[in-house]
Amino acid sequence: MRITNLNPGDDIGASAWLVEIDGHRILLDAGMHPRHEGRAALPLYDSVANLEVDAIALTHCHHDHCGSLPVALRYFPRARVLMTEPSYFIVERVLHNSVNVMKSQRAELGIAEYPLFHHREIDEIAHLFQGYKYRREIEWAVPDYAGERPLPTLEFFDAGHVLGSAGILIRGKKESLFYTGDICFDAQTLLAGARFDEISADVLLMETTRGNTPAQKEWSRTAETARLITHINDALGKNGSVLIPVFALGRTQEILALLALEMQTGRLPCRPVYIGGLGRVFTEIYDLEAHRIERQHPNLSLLEALNLAVLEKGDAERMNLAGGKLFVCTAGMMSEHTAAHDLAVRMAGDVRQSVFFVGYADPNSPGGRFKASQPGVPFSFSDSAGELTRRCAMETFDLTAHAQRDELVDFAFQVQPRVVVLGHGEPGARNWIVEQVQEQLPKISVHSPLPASVIDC
Ligand SMILES: [Zn+2]
Ligand SMILES: [Zn+2]
C-alpha cells in the first residue's frame, strides 16, 4: 500500500490523501486550504497528475475536505465520487457556495485566480456523485482488462462529527486501511458520536485536531452547555444581543438544537434566532435527513421548534441590537464580509452586547483576534474594520466536534494497526500523538508526513 499526503500545508489545511492498493488508486477527500489564497489553497494534485485514479471518496462536506472536488475531477476524470447519503444532499450546496465566496473575494481582494471553478462545472460533474448508506461494502475500483478480482472495497462508518460524516475502511486483497476523517467520539446535542467500535485495520490514517489541547478534567458537554445558557440569560437580562459565530454546516445546527431544547424546558426565554442563508439550508437538510442517521432527539425538528429568521444582505449592519436578539451566524472565524464580522464590529464597543465563541477560530483570523482581545485594549480586528476596542462581554465555550487527544491514542490502541499516519493537525498536535503512540504502542510505526510525502507500508 502506498499513501501520498497531498495537503499543501503542514497544518490542518486541506485534506487529500492518495491511496494505492492492489494496483488501484483512490483519493480520500478533496479539500481546500481555508487560509491559503488562490491555487495555493489546492491539494498538491500536480504532483500526482500523471496517475490514474479510480475513485474519490469524501468523509464529509466541510470545505477543508470537499472544497476542491471539481478541480480534483479535472485531474482524475475517470473517477466517480463516493460519499454517504446525507453528504450527497449537502455537497453541491457547499461547492456552489464556494464559487460565490471565491467570486466575491476576487472582487474585494483582487485574487485574479478566483473562482477556481464555476457553477456550471459543478452541475456537469454532479452525475458522478453517488451516495451510500453507512456500513455497506462497496467496490470502488475499475476492473482492468484481465478482469482480475476481488477488487478493493470501501465502507463508511458514522464519525459523529457533522451530518453525513464518515470514517472510511478500505479493504484490499491482503491489507486494509482506515481513514478517520474528522471524528467526534462523544455525543453532541444532535449527533450521536462515532461508531467505530469494531474497526481494525493494518494502516490507520487519523486526524489530530486536538493533539495540542490537554483534556480538562472537569470538562463535560452538559456543564459547558449549562454555562453557555447562564451567560445567554445574563446577556438577555441586559437587554443586549448575543452573537455566536458558527460555521454553517454542523455547528449551526448543534447550537440551534441546544437553544431549542433549553427554550422547550423554559430555561431560556423563547426568542427569534437569526441565522445565515446557508445555515438555513443545512438546517433544513438536518431536519429532512434525520431518519438516515443515528441521532439524539430524532423527533426534534429545528425549523418547527425555533422561530428562525434569515439575515438578509445588509441586516447585520443596520439591525437594532437592543431587545435581546440571538444571532447564530457565519462565519465561525468572523471572516470579512460575513454577518458575524459585521455584527462583531458593531457589538464590540457596547457593554450591553455579548459575543460567545463555541468552536475553533484560527489565531490569525478576525475571530481569533477578537477571542484573544482584552477589554478596553485596542486590537487590530480586520483589514476592512481596522482597530476595535472591546467593551462587550465575551466568553469561550468548548463545544467541540472533534475527538479529545487521549481518545485518539485509545482509538489507535483499539485498531492495532502496523502503521499509523497522522494528518489534519498543527505540527505540535501531531507531535504529541506521535510521542504517545510510540510510547504506548512501540511496535507500531508512526508517520507524520510533510506535504507531498509518500509512505510505502
Ligand atoms: Zn470537519
Ligand atoms: Zn476538517
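Provided above is the structure to which this section pertains.
Residues numbered from 1 in each chain as written. Chains lettered and ligands numbered in written order. Predicted model: local features only at pLDDT ≥ 70, side-chain atom pairs only at ≥ 80, totals over all residues. Heavy atoms only, no water.

Applying the stated criterion across every chain, the model contains three cavities of 30 Å³ or more. In this structure, the largest cavity encloses a volume near 130 Å³. In this structure, the largest cavity is lined by 23 residues; those nearest its centre are Asn-7, Trp-17, Leu-422, Gly-423 and His-424. Breaking the lining of the largest cavity down by element, the ones donating at least two residues are β11 (203-207) and β20 (419-423). Tallied by class, residues from the lining of the largest cavity come to nine nonpolar, nine polar and five charged. Space inside the second largest cavity adds up to approximately 60 Å³. As for the second largest cavity, its lining consists of Gln-188, Thr-189, Arg-221, Arg-251, Glu-254, Ile-255, Leu-258 and Leu-399. Ranked by the residues each element gives to the lining of the second largest cavity, the list is headed by helix α6 (residues 251-265), at four residues. (1 Å grid on protein atoms, 1.4 Å probe; cavity = no way out; pocket = protein on both sides within 12 Å on 5 of 7 lines; lining within 4 Å. Points joined across faces, edges and corners; volume = space filled by probe spheres on them. Helix = DSSP H or I, 4+ residues; strand = E, 2+ residues; numbered from the N terminus. Nonpolar A, V, L, I, M, F, W, Y, C, P; charged D, E, K, R; others polar.)

This paragraph deals with helix α7 (residues 277-288). In this model α7 runs 17 Å from its N-terminal to its C-terminal C-alpha over twelve residues, within 8% of the 16 Å that 1.5 Å per residue would give. Within α7, the full set of buried residues consists of Gly-279, Phe-282, Thr-283, Ile-285, Tyr-286 and Asp-287. Here the buried face of α7 lies against α3 (85-109), α6, β13 (273-275), α8 (302-305) and β14 (308-310). (Expected span 1.5 Å × (residues − 1). Buried < 20%, exposed > 50% of the residue type's maximum accessible area, 1.4 Å probe, protein only. Contact = heavy atoms within 4.5 Å.)

For the coordinates displayed, the defined rule picks out 16 aromatic pairs. Pairing Phe-178 with Phe-411 gives two aromatic rings, centres 6.0 Å apart and planes at 65°, and the pair type is edge-to-face. A residue pair is termed long-range when its members are at least 10 positions apart, and Phe-178 in strand β10 (residues 176-179) and Phe-411 in helix α12 (residues 405-415) qualify at 233 residues. For the pair shown, Phe-178 and Phe-411 are each scored as buried. Arranged with centres 5.8 Å apart and planes meeting at 70°, the rings of Phe-370 and Phe-381 form a pair that is edge-to-face. Residue Phe-370 is located in helix α11 (residues 366-372), and its partner Phe-381 is located in strand β17 (residues 378-382); the two are separated by eleven residues in the primary sequence. Grouping residues by exposure puts Phe-370 and Phe-381 together as buried. Every member of this aromatic cluster is reached through a ring pair, and the members are Phe-157, Phe-178, Phe-185, Phe-196 and Phe-411. (Phe/Tyr/Trp six-rings, centres within 6.5 Å; stacked < 30°, edge-to-face > 60°.)

Once that is clear, we can look at the sheet that holds strand β16 (residues 354-357). The strand order β14-β13-β15-β12-β16-β19 describes an open sheet built from six strands, whose pairing is parallel. Where the open sheet ends on each side, the last strands, each with one partner, are β14 and β19 (393-396). For this sheet, the mean angle separating the axes of adjacent strands, direction not counted, is 20°. Summarising the sheet, β13 and strand β15 (residues 326-329) pair through three bridges and their orientation is parallel. Counterpart to Tyr-274 in the pairing with β15 is Phe-327. In the packing of helix α10 (residues 339-347) onto the sheet, contacts are made with β12 (242-245), β15 and β16, and the angle to β12 comes to roughly 145°. (Pairing = 2+ DSSP bridges. Axes fitted to C-alpha atoms, helices over the stretch in contact; angles between N-to-C directions.)

Here we take up the coordination of the zinc ion (ligand 1). Six octahedral donors around a metal ideally sit at 90 or 180 degrees from one another, while four tetrahedral donors ideally sit at 109.5 degrees. Those protein atoms acting as donors to the zinc ion (ligand 1) are His-60 (NE2), His-62 (ND1), His-161 (NE2) and Asp-182 (OD), and they sit at 2.2 to 2.4 Å. Here the zinc ion (ligand 1) is ringed by four donor atoms whose angles at the metal span 90 to 166°, and the overall shape comes out irregular. Read from N- to C-terminus, the donor residues coordinating the zinc ion (ligand 1) fall into the pattern H-x1-H-x98-H-x20-D. Taken as a pair, the zinc ion (ligand 1) and the zinc ion (ligand 2) lie 3.4 Å from each other and share Asp-182 as a ligand. With His-161 in the loop between β8 (153-158) and β9 (166-171) and Asp-182 in the loop between β10 and β11, this pair connects stretches of sequence that are 21 residues apart. Judged by relative accessible area, His-161 falls into the buried class, the value being 3%. The class for Asp-182 is buried, based on a relative accessible area of 2%. (Donors = N, O, S within 2.8 Å, 3.2 Å for Na, K, Ca; no water. Tetrahedral: all angles 85-135°; square planar, octahedral: opposite > 155°, others 65-115°.)

We now examine the coordination of the zinc ion (ligand 2). Each protein donor to the zinc ion (ligand 2) is listed here as Asp-64 (OD), His-65 (NE2), Asp-182 (OD) and His-424 (NE2); together their distances run 2.1 to 2.3 Å. Around the zinc ion (ligand 2) sit four donor atoms; with metal-centred angles ranging over 88 to 168°, the donor geometry is irregular. Coordination of the zinc ion (ligand 2) draws on donor residues from a single chain, spaced D-H-x116-D-x241-H in sequence. Residue Asp-64 is classed as buried on the basis of its relative accessible area of 13%.

Glancing now at the layout of surface pockets. If a probe as big as a water molecule is rolled over the atoms, it shows which places are left empty. Of the volumes computed, that of the second largest pocket is approximately 280 Å³. Along the wall of the second largest pocket there are 14 residues; nearest its centre are Thr-189, Arg-221, Thr-222, Thr-225 and Glu-262. A per-element tally of the lining of the second largest pocket places helix α5 (residues 221-237) first, with five residues. Class assignment for the residues of the lining of the second largest pocket results in five nonpolar, six polar and three charged.

Judged by how many residues are buried, β11 sits mostly within the fold: five of five residues are covered. In β11, alternate side chains face the same way, and those of Val-203, Leu-205 and Glu-207 on one face and Leu-204 and Met-206 on the other are all buried. As defined by bridge partners, β10 adjoins β11 across three bridges and the pair is classed as parallel. By the bridge assignment, Leu-177 is partnered in β11 with Val-203. Where β11 lies against β20, five bridges are found, and the strand directions are parallel. Within β20, the position partnered with Leu-205 by the bridge is Val-421.

So, on to the sheet that holds strand β21 (residues 445-447). Strand pairing in a sheet is mediated by backbone hydrogen bonds. Such pairs are either parallel or antiparallel. With respect to topology, seven strands assemble into an open sheet ordered β7-β8-β9-β10-β11-β20-β21, the strand pairing being mixed. At either end of the open sheet lies a strand with only one pairing partner, and these are β7 (138-139) and β21. Two elements, β20 and β21, share three bridges in a ladder whose sense is parallel. Looking at the pairing, Val-419 lines up with Ser-445 of β21. The strands touched by α12 are β10 and β11; relative to β11, the strand with the most contacts, the crossing angle is about 165°. Helix α13 (residues 427-440) contacts β11, β20 and β21 of the sheet and is inclined by roughly 165° relative to β20.

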